[in-house]
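Remarks on the overall topology
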Amino acid sequence: ATFDFSGRRALVTGAGKGIGREIVAFLTRCGADVVALSRDQGDLDSLSRETGCVGVAVDLGSADGARRAAKTAGPVDLLVNNAGIALLQPFLDTTPDAFDQTMAVNVRAALTVSQVVARGLIQRGAPGAIVNVSSQSSMVGLPLHAAYCASKGALDQLTRVMAIELGPHGIRVNAVNPTVTLTPMGQMAWGDPARSAPMLARIPLGRFAQALDVAQAVAYLLSDAAAMVHGVMLPVDGGFLTS
Ligand code: NDP
């Protein structure tokens, strides 16, 4: 561990698998008390055995569920809005339901949970930091990702507005924008070598991201090492966006 989050409470959404799970493990190693929100109770049980975090099962696609779950977390100092879904459909076949569900989880849950956490920080007069887990797909178009790309573009814009409105309260807000990351979602979307090879060819560092690459960037943005970093979208992409 390279950061000291002792005495600080972190809330991580979408913590059951993949990047969120790695973020919980990393933050607990750095001394944070972590509350983990995710959908599957079994994932949360094993994660809390492994890390000592407190797990809360919730479907963040419900605005009420998201608000209630965020409130059960108590006074939070550090928030990571990581929960996200990718429902791959060709543009012409993208359904209203898939679009709405994607926006509900990838954007509205971040809004709702952040509102609860930011209100708490402002009431306590405490400083805080929020990181939204966006994607390189907020900045480039990817086939089959219409709803997903739209949601991540929206999440970047949400991040900017949160930075403007919450900064004066001492709450820093940033995003990370990973490339393809080797998680269950990454495997689902990019497991087919015919799809992944052209993507890999555009990454100057020559590999996809590991969940730990993303967790470390998130931890940096949450930490006092990033005390003057505010409102940025930080690519964690091995240089993909430069190519
Ligand atoms: P995974 O699908 O591997 O894990 C996502 C986790 O979030 C799962 O535990 C999942 O639970 C949980 N989750 C999803 N929807 C909900 C919901 N409605 N309520 C509560 N929990 C939910 O995804 P990744 O770890 O790969 O992705 C994490 C974030 O990183 C996402 O925002 C994603 O968009 C972003 N990202 C991922 C990239 C990649 O290539 N993997 C690249 C760039 C960004 P369950 O499994 O039970 O549904």
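An unreviewed UniProt entry lists the protein chain under the name Short-chain dehydrogenase, with Deinococcus koreensis as the source organism. A UniProt comment under Sequence similarities (unreviewed entry) is attached to the protein chain, and it reads "Belongs to the short-chain dehydrogenases/reductases (SDR) family." Listed in UniProt under the heading Subunit (unreviewed entry), the comment for the protein chain reads: "Homotetramer."

**Considering the overall build of the protein chain**
The helix and strand inventory of the protein chain stands at eight helices and seven strands. In terms of overall size, the protein chain behaves like a compact globule, its C-alpha atoms giving a radius of gyration of 17 Å where 243 residues would be expected to give roughly 18 Å. In terms of principal-axis extent, the alpha carbons of the protein chain reach across some 50 × 40 × 35 Å. In the protein chain, of all internal contacts separated by at least 6 residues, the share reaching a separation of at least 24 is 70%.

**Remarks on the site of the ligand**
The ligand sits among 28 residues. The nearest are Gly14, Gly16, Gly18, Gly84 and Thr183. For the shell around the ligand, the secondary-structure elements that each account for two or more residues are helix 1 (18-29) and helix 6 (184-190).

**Brief notes about the nonpolar core**
Of all hydrophobic cores here, the largest spans 63 residues; its most connected members are Leu11, Ala36, Val131 and Val218. In this structure, Val218 is in contact with Ile23, Val80, Val131 and Val176, ignoring residues within four places of it in sequence. Counting residues in each nonpolar core, the second largest holds six residues, with Ala146, Ala147, Cys149 and Ala189 among its members.

**Let's talk about the packing of helix 3 (residues 63-72) against helix 4 (residues 96-124)**
At a minimum axis separation of 9 Å, helix 3 and helix 4 run at an interaxial angle of 35 degrees. Between helix 3 and helix 4 lies a crossing whose hand is right-handed. Facing Ala63, Ala66, Arg67, Ala70 and Lys71 of helix 3, the residues of helix 4 in contact are Arg108, Ala109, Thr112, Val113, Val116 and Val117. Among the residues forming the contact of helix 3 with helix 4, the class breakdown is seven nonpolar, one polar and three charged.

**Looking at helix 1**
For helix 1, spanning 12 residues, the distance from its first C-alpha to its last is 17 Å, which sits close to the expected 16 Å at 1.5 Å a residue. Taking burial as the measure, the 12 residues of helix 1 include 10 buried ones, the bulk of the element. Residues of helix 1 that are buried include every one of Gly18, Ile19, Gly20, Arg21, Glu22, Ile23, Val24, Phe26, Leu27 and Thr28, and no others. Positive backbone phi, at 95 degrees, marks Gly31, one or two positions downstream of helix 1.

**Topic: the environment of Asp43**
As for its position among the elements, Asp43 is in helix 2 (residues 41-51). Residue Asp43 is classed as partly exposed on the basis of its C-beta count, with 18 C-beta atoms lying within 10 Å. Measuring from C-alpha to C-alpha, the distance between Asp43 and Gln123 comes to 33 Å, with 80 residues separating the pair along the chain. In this structure, Asp43 is in contact with Gly16, Lys17 and Ser38, ignoring residues within four places of it in sequence.

**Concerning helix 8 (residues 211-222)**
End to end, helix 8 covers 17 Å across 12 residues, agreeing with the expected 16 Å (1.5 Å per residue, within 8%). Among the 12 residues in helix 8, nine count as buried, and that is most of the element. For helix 8, every residue scored as buried is listed here: Ala211, Asp213, Val214, Ala215, Ala217, Val218, Ala219, Leu221 and Leu222. For helix 8, the elements touching its buried residues are helix 1, strand 4 (78-81), strand 5 (128-133), strand 6 (171-178) and strand 7 (233-236).

**Concerning the packing of helix 1 against helix 8**
Their axes nearest at 8 Å, the elements helix 1 and helix 8 cross at an angle of 55 degrees. The angle between helix 1 and helix 8 places the two elements in the oblique class. Note on packing geometry: the crossing formed by helix 1 with helix 8 is right-handed. Only Ala211, Leu212, Val214, Ala215, Gln216, Val218 and Ala219 of helix 8 make contact with helix 1, whose side of the interface consists of Gly18, Ile19, Glu22, Ile23, Phe26 and Leu27. Looking at the contact of helix 1 with helix 8 residue by residue, the classes come out as 10 nonpolar, two polar and one charged.

Rules behind the numbers
- Residues numbered from 1 in each chain as written.
- Predicted model: local features only at pLDDT ≥ 70, side-chain atom pairs only at ≥ 80, totals over all residues.
- UniProt positions renumbered as here; feature names shortened; annotations may be inferred.
- Helix = DSSP H or I, 4+ residues; strand = E, 2+ residues; numbered from the N terminus.
- Rg over C-alpha atoms; globule rule 2.2 N^0.38 Å.
- Contact = placed C-beta atoms within 7 Å.
- Near = placed C-beta within 6 Å.
- Core = buried A, V, L, I, M, F, W, Y, C linked by C-beta atoms within 7 Å.
- Buried ≥ 20, exposed ≤ 12 C-beta atoms within 10 Å, placed from the backbone.
- Axes fitted to C-alpha atoms, helices over the stretch in contact; angles between N-to-C directions.
- Left-handed = near helix turned anticlockwise from the far one by under 90°.
- Nonpolar A, V, L, I, M, F, W, Y, C, P; charged D, E, K, R; others polar.
- Expected span 1.5 Å × (residues − 1).
- Parallel < 35°, antiparallel > 145°, perpendicular 65-115°, else oblique.

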